[in-house]
Every structure is written in structure tokens, then in C-alpha cells.
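Listed below are the residues making up each chain.
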Amino acid sequence: MSVTERVVIIGSGPAGWSAAIYAARANLEPLVFEGAITDENRIRGTLPLGQLSMTTEVENYPGFPAGDLSPYLKSSLPEANVPFRDPHMTGVTGPELMELMRQQAKNFGTRIVTDDVVSVDLSKRPFTLKTLEGQEYTAHSLIIATGARANYLGLPSEDLYKNRGVSACAVCDGALPRFRNKSLVVVGGGDSAMEEATYLTKFASTVYLVHRRGEFRASKIMAQRVLENPKITVKWFTTVEEVLGDEKKGVTGVRLKNLQTSETEVLEAGGMFCAIGHTPNTDFLAKQVKTDDKGYIVYSLPFRTNTSVEGVFAAGDVADSYYRQAITSAGTGCMAALDAERFLATKGVH
Ligand code: NAP
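Residues numbered from 1 in each chain as written. Predicted model: local features only at pLDDT ≥ 70, side-chain atom pairs only at ≥ 80, totals over all residues. Heavy atoms only, no water.

Caption draft 1: Layout of the site of the ligand. Around the ligand, 19 residues are found, and the nearest of them are D191, S192, R212, R213 and R217. Take D191: an N or O atom from its side chain is 2.6 Å from an oxygen atom of the ligand. Here an oxygen atom of the ligand and a backbone polar atom of S321 are 3.4 Å apart. For the ligand, whose accessible area on its own is 920 Å², the fraction buried by protein is 76%. For the shell around the ligand, the element with the most residues is helix α7 (residues 191-200), which contributes three residues. Its residues assigned to classes, the shell around the ligand shows five nonpolar, seven polar and seven charged. Among the domains, domain 1 (5-150 + 278-346) and domain 2 (156-274) are the pair contributing at least three residues each to the shell around the ligand. (Near = heavy atom within 4 Å. Polar contact = N/O pair within 3.5 Å; in protein donor to acceptor, adjacent residues only side chain to side chain. Areas by Shrake-Rupley, 256 points an atom, 1.4 Å probe, with all protein chains shown as cover. Helix = DSSP H or I, 4+ residues; strand = E, 2+ residues; numbered from the N terminus. Nonpolar A, V, L, I, M, F, W, Y, C, P; charged D, E, K, R; others polar. Domains from an automatic or database assignment.)

Caption draft 2: View of the pairing of strand β13 (residues 250-258). Two strands pair when backbone bridges link them, and strand β12 (residues 238-246) and β13 are joined in this way by eight bridges, in the antiparallel orientation. Across the sheet, T238 pairs through a bridge with N258, a residue of β13. Between the end of β12 and the start of β13, which pair antiparallel, lie three residues. Connecting the antiparallel pair β13 and strand β14 (residues 264-268) is a turn made up of five residues, with S262 showing a positive phi of about 65 degrees. (Pairing = 2+ DSSP bridges.)

Next comes the structure, spelled out in C-alpha cells:
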């Protein structure tokens, strides 16, 4: 076993890299587990660089207005890490933003392991971590930034059109040209589905909100906003049976099934947005850190990133079912690094 690490960061989205940048600049030489490149992670949507690496343009991350970023990418990233760039695209894309954050963390001395942490022992100090490749590490402090994954319906046709009309984030993708002035489908009946359907009416010609029951789970006020919006049609007691599309255009429609009558219908649509919840990536913690009933880590102090285990901090979507934005994740990543640094100082670990 190697020497005990001062700070181990698990996760490689905006929270993980922001934590790494701050911890590295505090001379803590953080070790980041960015995740393993496996088929299982590909299917679950948990590959290194997180959810943003699966999106296209990121228009709401401060500091990256539209413009030609190519020269900057070439000068700031090793050639092998410059993601493919559509020559018509301006501003930053999710994969580019994540590579830039990763590089920034590396520039300050962050060490990176491309492996999954599959189990931890937080019952004694230093903490012990085991990886998929069978390695063992020990750490005085941990920052958990493993994020969450969007839930999808699980249809094979849905997989086929991910990023080509199937999305799980209207706020991220809704304004893309492919969705403008088209009919769009939103699936779900919670606050996210209400928010996404309402948001998409800015761009879509019509929004169909497909919900499997006859009443919404969403708060009254958000549901009311949907029901009063003339651009939204609710399809009650309905599920999506198949996403329809073709190689060239991506999504062209959906086949719906009414659960009460078993009747099916085909809707023309340029996109389908799943808003059926997220699943935080906390299984590997085996309940050693306090979570809510959905598995999201619960902070133990207000405005701090402390968890129920002293020396374990959390950042980003793994502890946030509410905001789920790159900028809020980056913010809590920074906070977790500062909290870990102060924790180590009180324990005399330098
Ligand atoms: P949610 O409240 O868990 O709702 C998920 C919805 O998806 C439910 O309506 C559920 O149907 C449906 N669903 C789940 N699995 C499905 C499946 N396999 N097929 C079809 N439908 C399925 O999740 P959320 O809407 O993402 O909200 C998460 C949290 O964030 C909530 O606490 C919410 O209040 C909060 N939030 C707040 C705001 C805001 O206030 N601005 C915005 C977004 C989110 P059933 O109802 O039949 O179970």
C-alpha cells in the first residue's frame, strides 16, 4: 500500500475538478479518481468527466461566451485531449469545458487515476479505498464528487438517439437549433418535468407532456403553470413505447401508449426530454455516509460541505437534487476543498 493521501477526490465533473484545483493550490497534492472507462460506465452514463461530457454546447457557464475557442483549446490542452470540434460551433462544449478543468487541476499538481472507487471503509482512520482494478489506497480526508446520473426510460430506441434529440436536460439543451420551432415531448410528472415543459415552450412550437398517471407529483404552483400554458398539451396515463427517428435527422417522433385504453398513437416531434428523476452515485459508500431516502448525501452543517463522517466532504450533484448546475457543482467543489484543508489543519496533517 502507498503512503496515506491527504485528500482523495472521487469524481471528475465540475465539483471534482474545482475541488482538485483548490486543494492542489493549497499544496495538498490531491489524488483524483476520475472513474474507469468501462462499458458498464458507458451504459450507466458514469464515464470520466461526468454528465457535462455527454452534452454539446454549454451556454450558461460564466466565462465562456460564444466565439471561436479553437486557438485557446490548442494552446491549453495536450493535442490528444482536444475534443472533436464541430467547425460551426462557437463557445464552449461540455467535453471541452471538462478537459479544460481537468488540465487546470493537473497544472497545479493534481494526480489522476483512471479507475473507479468501488468500496470504502470509513469506520477507521485513515480511510481505506478499494478500486475496480484491485488497488488499495488510504486517505486522511475524502471529497465525494461522484455526481448523479439522469434516469432514462430504458428503451433501446432512446439509447440510439441520445444527444440526437433525446436529452435529460432542457436547460442544457433546449435552446439548440435542432429543437427550435418543433414539437417536443417531455416525460415525467414532477417539478423537473413542469419546469422543463414550461422552459421548452420558449423554443418549441408545441410541448407534449407525457405522464404515466392522472395527476402530477409536482407542486401545485408549477403544475398550474403547465396546465394554463396554451403551448403545452398533457398526455395523461400515457407512456412512451418507442422513440422514432432516422440516421440523418435524429428524433422525428415518439409512439405513445395510453395505459387505460391500450391505444397507441404516433406524435411527430423533434426531441424527447426525460425528466423522470436522477440517481446519485453513492452505492459504493454502502450507507456509511448519511443520505436521504433517494441516496443523496446530506450535509451535516448549513453552508458547509461536511457529511455525517468527520473528514468526509461532499460536493456537486451527489449532494444536490435541487440545483444540479455545473456552476453550483463547481462552487461546492471549491467549498469542499477549503473545508478539507481546514479539517486537515485542525488534525495537524500537513
Ligand atoms: P421526482 O419528483 O422524483 O419526479 C419524477 C417524475 O417522473 C414522477 O412524476 C414520476 O412519476 C416520473 N417517473 C419516474 N420514473 C418513471 C418512468 N420509468 N416512466 C415514466 N415516468 C416516470 O423528480 P424531479 O421532478 O426531478 O424532482 C426532484 C426534486 O427536485 C424534487 O424535490 C423537486 O421538487 C425538486 N425540483 C424543484 C424545482 C423547483 O422548485 N423549481 C424544479 C425541479 C426539481 P410518478 O409521479 O407516477 O411517480
